[in-house]
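The residues making up each chain are set out below.
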Amino acid sequence: MGDIVTVEEVPGRLEKVRHSIARACVDFQRDLGDVSLVCVSKNFDAEAILPALRAGQRVFGENRVQEAATKWPALRAEFPDVELHLIGPLQSNKVELAIDVFDRIQTIDRLKIAAAIAEHSRKKNKLLPCFIQVNTGAESQKAGVSVEDLPALLNACRHDLGLNIEGLMCIPPFDRPVTPHFALLHRLARDLGLEKLSMGMSADFEQAIQLGATHIRVGSAIFGSR
């Protein structure tokens, strides 16, 4: 869905996505309550986001810390039960702000960032649930820890830094079938004793639900192209 969408169309498109999620849960014998729709609102302003909020959507994902810090405080004032996820790369100099703005960080991918999150979390007495991002396609240009280095990073996050790591996240290569990557992430989470999986976007969230996703990140199917 690469089209331009008016704000009036957002609630209907959101409802269509919700219906598709519900249908996939029935088809693949998943409990609907175990799948959270993370509505990806990056690059959209408050005017575009408000119709989704008014339609009852409460979980949102943003890629950039500064963008989220600019637009979400006013929205949260009106909708205080929003849950905001960071789903884009995190830089060291943005960690402190990220902890202030977000409720979950899905993109821990290296020890340096994990240590910074732990340090600022202690200072603020705010321990966020986090995911580790895995580079399932071993793509040099993409963020994410390698499959081989994942166990060591998870161990350091949990035992050395005391972080609350609740799951894994991935963004499969755009030019390859997604199913093997979702299956790999599912197996890694199972083997490491992690319960949550953030995977699947507008074009492939049904396959992600089939393979165990607990969080799907859907933007263009709701808001259209950016």
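Residues numbered from 1 in each chain as written. Predicted model: local features only at pLDDT ≥ 70, side-chain atom pairs only at ≥ 80, totals over all residues. Heavy atoms only, no water.

Colleague: Even after reading the chapter, I still don't get the environment of Ser-220, so can you show me in this structure?
Modeller: Tracing the backbone through its elements, the reader meets Ser-220 in helix α9 (residues 220-223). A relative accessible area of 22% places Ser-220 in the partly exposed class. Separated by 20 residues in sequence, Ser-220 and Gly-200 have C-alpha atoms that sit 13 Å apart. (Helix = DSSP H or I, 4+ residues; strand = E, 2+ residues; numbered from the N terminus. Buried < 20%, exposed > 50% of the residue type's maximum accessible area, 1.4 Å probe, protein only.)

Colleague: Help me understand the layout of surface pockets in this model?
Modeller: Rolled over the atoms, a probe with the dimensions of a water molecule shows which regions are left empty. Quantified by volume, the largest pocket comes out at close to 540 Å³. Lining the largest pocket are 26 residues, and of these Lys-42, Ile-171, Met-201, Ser-202 and Arg-217 lie nearest its centre. Residues that form the lining of the largest pocket fall into these classes: 14 nonpolar, 6 polar and 6 charged. (1 Å grid on protein atoms, 1.4 Å probe; cavity = no way out; pocket = protein on both sides within 12 Å on 5 of 7 lines; lining within 4 Å. Points joined across faces, edges and corners; volume = space filled by probe spheres on them. Nonpolar A, V, L, I, M, F, W, Y, C, P; charged D, E, K, R; others polar.)

Colleague: Where do I start with the packing of aromatic side chains in this structure?
Modeller: Remark: the centre distance and the inter-plane angle together describe each pair of aromatic rings, the angle taken between the planes. Taken as a whole and assessed by the stated rule, the structure comprises 2 aromatic pairs. A ring pair is formed by Phe-60 and Trp-72, whose centres lie 5.0 Å apart and whose planes are at 50°; its orientation type is tilted. Linking Phe-60 in strand β2 (residues 59-62) with Trp-72 in helix α3 (residues 65-78), this pair joins segments that are 12 residues apart in sequence. When its relative accessible area of 0% is taken as the criterion, Trp-72 is described as buried. (Phe/Tyr/Trp six-rings, centres within 6.5 Å; stacked < 30°, edge-to-face > 60°.)

Colleague: Would you explain the packing of helix α2 (residues 46-54) against α3 in this entry?
Modeller: Each packed pair of helices is defined by two parameters, the angle between the axes and the distance between the axes. Where α2 meets α3, the axes come as close as 11 Å, and the angle between the chain directions of the two elements is 30°. Looking at the two axes, α2 sits roughly parallel to α3. Seen from above, α2 lies across α3 with right-handed handedness. Across from Ala-46, Ile-49, Leu-50, Leu-53 and Arg-54 in α2, the residues of α3 making contact are Lys-71, Trp-72, Leu-75 and Glu-78. Each residue belonging to the contact of α2 with α3 can be placed in one class, and the counts come to 6 nonpolar, no polar and 3 charged. (Axes fitted to C-alpha atoms, helices over the stretch in contact; angles between N-to-C directions. Parallel < 35°, antiparallel > 145°, perpendicular 65-115°, else oblique. Left-handed = near helix turned anticlockwise from the far one by under 90°. Contact = heavy atoms within 4.5 Å.)

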